[in-house]
Every structure is written in structure tokens, then in C-alpha cells.
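Examination of the molecular architecture
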Amino acid sequence: MQKKLKEKILEAISSVLPITVIVLLLSFTLAPMPIGTLVLFLLGAALLILGMGFFSLGADVAMMPMGEQMGRKLGGSTKIAAAVLIFFLIGFTVTIAEPDLQVLARQVPAVPDLTIILTVAAGVGIFLVLAMLRTRLGFSLQHTLIVLYGLVFLLSIFVPNEFLAVAFDSGGVTTGPITVPFIMALGAGLASIKGKDDDNFGVVAICSVGPILAVMILGLLYNSTEVAYTPFQIPVVETSQDAGREFLNGLPEYLSEVFFGLLPIVLFFLIFQFIALRLARRSLIKIGVGIGYTFIGLVLFLTGANVGFMPVGYFLGQTMAENAPSWLLIPLGMVVGYFIVAAEPAVHVLNRQVEEVTSGAIPQKAIGLSLSIGVAISIGIAMLRVWLHIPIYWFLVPGYLLALGLTFRVPKIFTAIAFDSGGVASGPMTATFLLPFAMGACQMLGGDMLMDAFGVVAMVAMTPLITIQILGLFYQRKLARTKDVTEEEEQMLTDDIIDYTEEAAADAQG
């Protein structure tokens, strides 16, 4: 375990170091920041590295095995009604405790926090059931997504504008570091019953739509335009002791959030262990240790991100908008977005699962690069919106139309991975660094916070759907050239690239 933990921490260093260097360079050049704020950032970066290391190991040892075991058991059950109830309860209870959902609820003061939380949790629960039924009944993910997003954009015509950005953002913030590894593993367990590799993905994609529709429906019911947001306040830190106090003050909150976030998952697993799984004692001890690693990792990560990175994100956006030409926010945002997605904990989980499911035919580096390019584009667009006050609809509609159109051209597995990646990429780093960055710039440029700054999470959740499917097109053409096929045969390859990955797996075993 110690050797694996060391490997995970080294991997985390390589992920967090680039964005740390970028922030340091900006602090010495275009955006000089107070020493106290810089100390907060450096301490936060250290906590991020340790947190990612512990979390990644915990996800491998506990979260993924727990989800796969439960998904496999539920997937093979003949009691559909019981499976529906259990999946709804899992989605509902796990989402309620997702830390980023608390932030979302506070963005809509016209509606009570508890109402927002229960609405979003119900959306995830219902759509997790839908994802389970789709896998069991063999419905096409492509057609399911087209129908669901058709409903989203139909409803969006009638929803108050102030609710739109919050609704689309909710689809990203609810698929956070607690829910994503478990839900992805749950989907993998279900897929193992059906025997289709492309069904290993797509559960997160469907679950991301649920909160969007739920918040839109809530917006129709309230029909209120009194939505507002209280801008983030940068803490005053004058000494290293003040910096340490900020982290100590925030620690209890994140201990509580992570504890109550993991508790439903652990309780469901223990119930399954008692009723159906009956795993060996050694396996249970290993999973218990993994849960401990996950808990420690998430506490450290969320503390570092919220206390250390959030003030710096807001400060950089504010200072750059004040001291540099406004257009410079676009390339700077793209550079930050390109590197910061590697620091999202759930991204590493997705990358590993892709490589394992495809037996290395789709390497982690290819998915990681596509995600980085996608997030870079999304932050560039977000900064363009902040600068020119362009409505988010101008980008969401053509973006999703393009993403859905690509589903007719790319192999199924790339569509499933792409739509999962949107929820995975828009995690806590987006909420604690990129969103404050946009808010700081928006405030300095005199924009409307909800109309211009919010929607960053929605953009980050959208662009990877396009870039990863474009990666699928490249793989499709590469495979066609490798096999020296005709144009007609190349068209047939669009139906399923899994044949290739199965051949790779057989060669590896042989």
C-alpha cells in the first residue's frame, strides 16, 4: 500500500505542479498578490497533492470495488421493482451530501436551500434509475441522450433566464468526487452482466441530465427572477499564522461534509454485504482501509481547494481584468483551463477505467489530452462571455447540437466516454478556482454575476463531449487505415470499435 500511495502522490504532483507554476508566474508578473494570499495558495496546493494521492488510492481499493460488486448484484437481480428503489435511494442520498451541491443551493436565495438540495437529489436518483433500466433493457445511449437533451432545450424556452445558468451548472456540480467513482463503478458492474464494454460508461452522463431538468422544473414552479448571488470575499491574511488559522477553521466543515458524503455509500454496501455479497473478511478489511484513504484524501483535497485555491482564483480574475487588456483573459483562461483539469480527482478515475475497459486501446494520455483541450476551449468561451456579456444560450445550443450530431459518426464507446467526461471534468476545481476566476473578472468589468460569470461549470461540462468524440473520429480513421479497408468497410467500423479493443485484450492474454 505504501508503494502505491507513493506512486499516487507522485502522479498528483505532476497534475498539480503545472497550475501551481502558472499561478506563481502570474503573481510575479501581471497579478502581484499579497503574501498572505500566496501562502494560502501554496498550502492549498500541498493539501491538493496529498489529498489526490490518498483519494486515488482509496478509489482503487474501495470505491470502485464497492460500486462494481453492488452493480453486478443488482444488475443480475430479477426483482426490477427492488432494483429501482435501491438505485433511486443510492442516487438521492449520495447526492444530498455532495459538497458542491451546498454551494449551488446558496446561489438561489429566492428558493430555500433545502428545496434546491432535495430537487437536485431527486433528479439524480430518478436518472440513476433510468441509467440502470437503459443498461438492463439494452436501449441505445445515443437515442437516450438525444431524447433527454431535447427535453432540456424544450423546457429551457420557458424557464426564467436567471435559472438557466444555475440549472446547467447543477448537472456538473452534482457529479463530484464522492459520487463519480461510485456511480461509474456501479455502471461497470451493471455492464458486466450485459457483457457490453461500451455500457461501462454513460451512467454519469445520464445522471448529469437529471439535475438540469429538475432545477428547470423548479424554476417554472417558482417563476421568480429574484435570483441573486453574494460575491465571494477574499479573506484577509497577513501572517503565516493567519493562513494556518484559515485552514484549521475550514477543516471541521470539510470533515463533516466528507463524512456525511461517504456515509450513505458505506451503509448501502454494508447492507448488501450482510444480505447478498458475503465477501471474505480479508476483502472487507481491504475495502475498509480504502474507505479510510478516501476519507482522508477528500478532506485534504476539499480543504486545500476551498481555502487555498478559491481566494486566488477570485483575486487573479479581478486583478487581470483591472490591470491587463480585457481580451487577455481569454488566452489566460484557456491556459489555466488546459492544466487545471488534470487536478480534478475524478478525471484520473475515468482515465484509468477507459484504459482498463479497452485493454489499452484507448490510452489515458489520449483521453487526458482531449479533456484538457476541451476545458481550455470552455474557459476561453467563458472569459469571452464575461468580456462581451454574451448569453450562454448562444454557445450551449450549437455546442450540444454538435455533440449530439457527432454521436451518429463516432464509435459508441467514445460517445459514452465523452458524455461521462463532461460531468467528471466539472468537479471541485471548476467550482473553487475557475468559477471564482470568472466571478472576479466579471465584478471588475461590471457584468451581471449570474448572467455572465455563472455558466462556467456548464461550459466545462459541454466541451469535452465534442473533443473526445473528435478523438473517436481520429481513432476510427486510424483503425481503418491500419486494416486497409474500403470506404464502405470504414463506415461499418463506426457501429462498434469494441471489436478492436477485444482483439487487443485477447492478444494481451495470449
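Reference entry: report on the structure contained in this document. Remember, predicted model here, so these are calculated numbers, not experimental data. (Residues numbered from 1 in each chain as written. Predicted model: local features only at pLDDT ≥ 70, side-chain atom pairs only at ≥ 80, totals over all residues. Heavy atoms only, no water.)

**A closer look at the overall build of the protein**
Convention followed: In this text, helices come from DSSP runs of H or I with a minimum length of four residues, and strands from runs of E with a minimum of two, each type numbered from the N-terminal end. Each residue's exposure class comes from its accessible area (1.4 Å probe, protein chains only) as a fraction of the maximum for that residue type: buried when under 20%, exposed when over 50%, partly exposed otherwise. Contacts are residue-level and defined by heavy atoms, with any inter-residue pair within 4.5 Å sufficient. Residue exposure ignores everything except the shown protein chains as possible cover, and the areas themselves are Shrake-Rupley values with a 1.4 Å probe.
In terms of regular secondary structure, the protein is built from 21 helices and zero strands. Out of the 510 residues belonging to the protein, those deemed buried represent 59%. For the protein, restricting intrachain contacts to residue pairs at least 6 apart in sequence, the fraction spanning at least 24 positions comes to 86%. Just so you have it, the protein exposes about 20100 Å², and 65% of that area is on carbon and sulfur atoms.

**As for the nonpolar core**
Stated formally: Working definition of a nonpolar core: buried Ala, Val, Leu, Ile, Met, Phe, Trp, Tyr and Cys residues. They are joined through side-chain atoms within 4.5 Å.
In this structure, Phe 168, Met 216, Leu 316, Met 383, Leu 396, Phe 433 and Leu 434 are the most contacted members of the largest nonpolar core, which totals 161 residues. Looking at this core, the element that brings in the most residues is helix H2 (residues 35-75), giving 16 residues. Non-local contacts of Phe 168, meaning those with residues more than four positions away in its chain, are made with Val 152, Phe 153, Ile 212, Met 216, Leu 396, Tyr 400 and Ala 458. Leu 5, Phe 54, Leu 57 and Tyr 293 belong to the second-largest nonpolar core, a separate cluster that totals five residues.

**What about the environment of Gly 125?**
Structurally, Gly 125 is set in helix H5 (residues 113-137). When the C-alpha atoms of Gly 125 and Thr 95 are compared, they prove to be 8.2 Å apart, with 30 residues separating the residues in sequence. When neighbours within four sequence positions are excluded, Gly 125 is seen to be in contact with Phe 87, Phe 88, Gly 91 and Phe 92.

**A closer look at the pattern of salt bridges**
The condition that has to hold: Salt bridge criterion: a side-chain nitrogen from Lys or Arg within 4 Å of a carboxyl oxygen from Asp or Glu.
Tallied over the full model, the rule gives four salt bridges. As a salt-bridge pair, Asp 60 and Arg 352 come within 3.1 Å of each other at their nearest N and O atoms. With a gap of 292 residues between them, Asp 60 in helix H2 and Arg 352 in helix H13 (residues 345-357) connect regions that are remote in the sequence. The exposure class assigned to Asp 60 is partly exposed, which follows from its relative accessible area of 31%. The partner of Asp 242 in a salt bridge is Arg 245, and the shortest N-O contact between them spans 2.8 Å. Residue Asp 242 and its partner Arg 245 are both found in helix H10 (residues 240-277); the two are separated by three residues, about one turn of the helix. Connected through shared salt-bridge partners, Lys 8, Glu 11, Asp 60 and Arg 352 make up one network.

**Regarding the packing of helix H14 (residues 364-388) against helix H17 (residues 428-445)**
Rules: Helix axes are fitted only over the stretch in contact, all axes being lines through C-alpha atoms; the angle between N-to-C directions runs from 0 to 180 degrees. An angle below 35 degrees is read as roughly parallel, one above 145 as roughly antiparallel, one from 65 to 115 as roughly perpendicular, and any other as oblique. In a left-handed crossing the near helix is turned counterclockwise from the far helix by less than a right angle, and in a right-handed crossing that turn is clockwise.
Put simply, H14 and H17 touch, their axes get as near as 9 Å, and they point 20° apart. Classified by the interaxial angle, the pair formed by H14 and H17 is roughly parallel. H17 is crossed by H14, and the crossing has right-handed handedness. Facing Val 375, Ile 379, Met 383, Val 386 and Trp 387 of H14, the residues of H17 in contact are Leu 434, Phe 437, Ala 438, Ala 441, Cys 442 and Leu 445.

**Here's the deal with the packing of aromatic side chains**
Where we set the bar: We call Phe, Tyr and Trp rings a pair once their centres come within 6.5 Å, taking the six-membered ring for Trp, and we label the pair stacked below 30 degrees between planes, edge-to-face above 60, and tilted otherwise.
Throughout the structure, instances matching the rule amount to 13 aromatic pairs. Note on Phe 88 and Phe 92: the rings are 5.7 Å apart at their centroids and 25° apart in plane angle, and the pair reads as stacked. Of this pair, Phe 88 and Phe 92 both sit in helix H3 (residues 80-96), four residues apart, which is roughly one turn of that helix. For Phe 88, a relative accessible area of 25% gives the class partly exposed. With 6.1 Å between their ring centres and 50° between their planes, Tyr 149 and Phe 419 make a pair best called tilted. Separated by 270 residues along the polypeptide, Tyr 149 in helix H6 (residues 141-156) and Phe 419 in helix H16 (residues 412-425) bring together distant segments of the chain. An identical accessibility class is assigned to Tyr 149 and Phe 419; each is buried. Among the aromatic residues, those joined into a ring-pair cluster are Tyr 149, Phe 153, Phe 168, Tyr 393, Tyr 400 and Phe 419.

**Focus on the packing of helix H11 (residues 281-323) against H17**
Which entries qualify depends on this criterion: When residues are sorted by character, Ala, Val, Leu, Ile, Met, Phe, Trp, Tyr, Cys and Pro go into the nonpolar class, Asp, Glu, Lys and Arg into the charged class, and all the rest, Gly among them, into the polar class.
Between H11 and H17, whose axes approach to 7 Å, the crossing angle comes to 25°. The orientation of H11 with respect to H17, classified from their angle, is roughly parallel. The hand of the H11/H17 crossing is right-handed. Counted by class, the contact of H11 with H17 contains 19 nonpolar, seven polar and one charged residues.

**Side note on a nonpolar patch on the surface**
The criterion, for reference: A residue counts toward a patch only above 30% relative accessible area and without a salt bridge, and it is joined to like-charged neighbours within 9 Å or, for Val, Leu, Ile, Met, Phe, Trp and Tyr, to nonpolar neighbours within 5 Å.
Together, Val 147, Leu 151, Leu 154, Ile 157, Phe 158 and Leu 220 make up an exposed nonpolar region whose accessible area comes to about 590 Å². At three residues, H6 tops the list of elements feeding residues into the nonpolar patch.

**A look at the side chain of Ser 378**
Among the secondary structure elements, Ser 378 is positioned in helix H14. By relative accessible area, which is 1% here, Ser 378 ends up buried.

**Overview of H3**
Where we set the bar: By definition here, a helix of n residues has an expected span of 1.5 Å times n minus one. The arc in question is the one traced by the directions running from the helix axis out to the C-beta atoms.
The end-to-end C-alpha distance of H3, which contains 17 residues, comes to 24 Å, matching closely the 24 Å that a straight helix rising 1.5 Å per residue would cover. Taken as a whole, H3 has its buried residues at Ala 83, Phe 87, Ile 90, Gly 91, Val 94 and Thr 95. Down the axis of H3, the buried set is contained in an arc of 110°. They therefore lie on one face. Turned more than 90 degrees from where H3 packs its buried face, Ala 81 and Leu 85 sit exposed.

**Points about the environment of Ala 416**
As for its placement among the helices and strands, Ala 416 is situated in helix H16. Residue Ala 416 is classed as buried on the basis of its relative accessible area, which comes to 1%. As a C-alpha pair, Ala 416 and Ile 468 span 52 residues in sequence and 9.8 Å in three-dimensional space.

**Notes on unusual backbone geometry**
Phi is positive for Arg 278, which is not a glycine, with a value near 55°. One non-glycine residue, His 389, lies in the positive phi region at around 60°. By the element assignment, His 389 lies in the loop between H14 and helix H15 (393-406). In this structure His 389 comes out as partly exposed when scored by relative accessible area, which is 39%.

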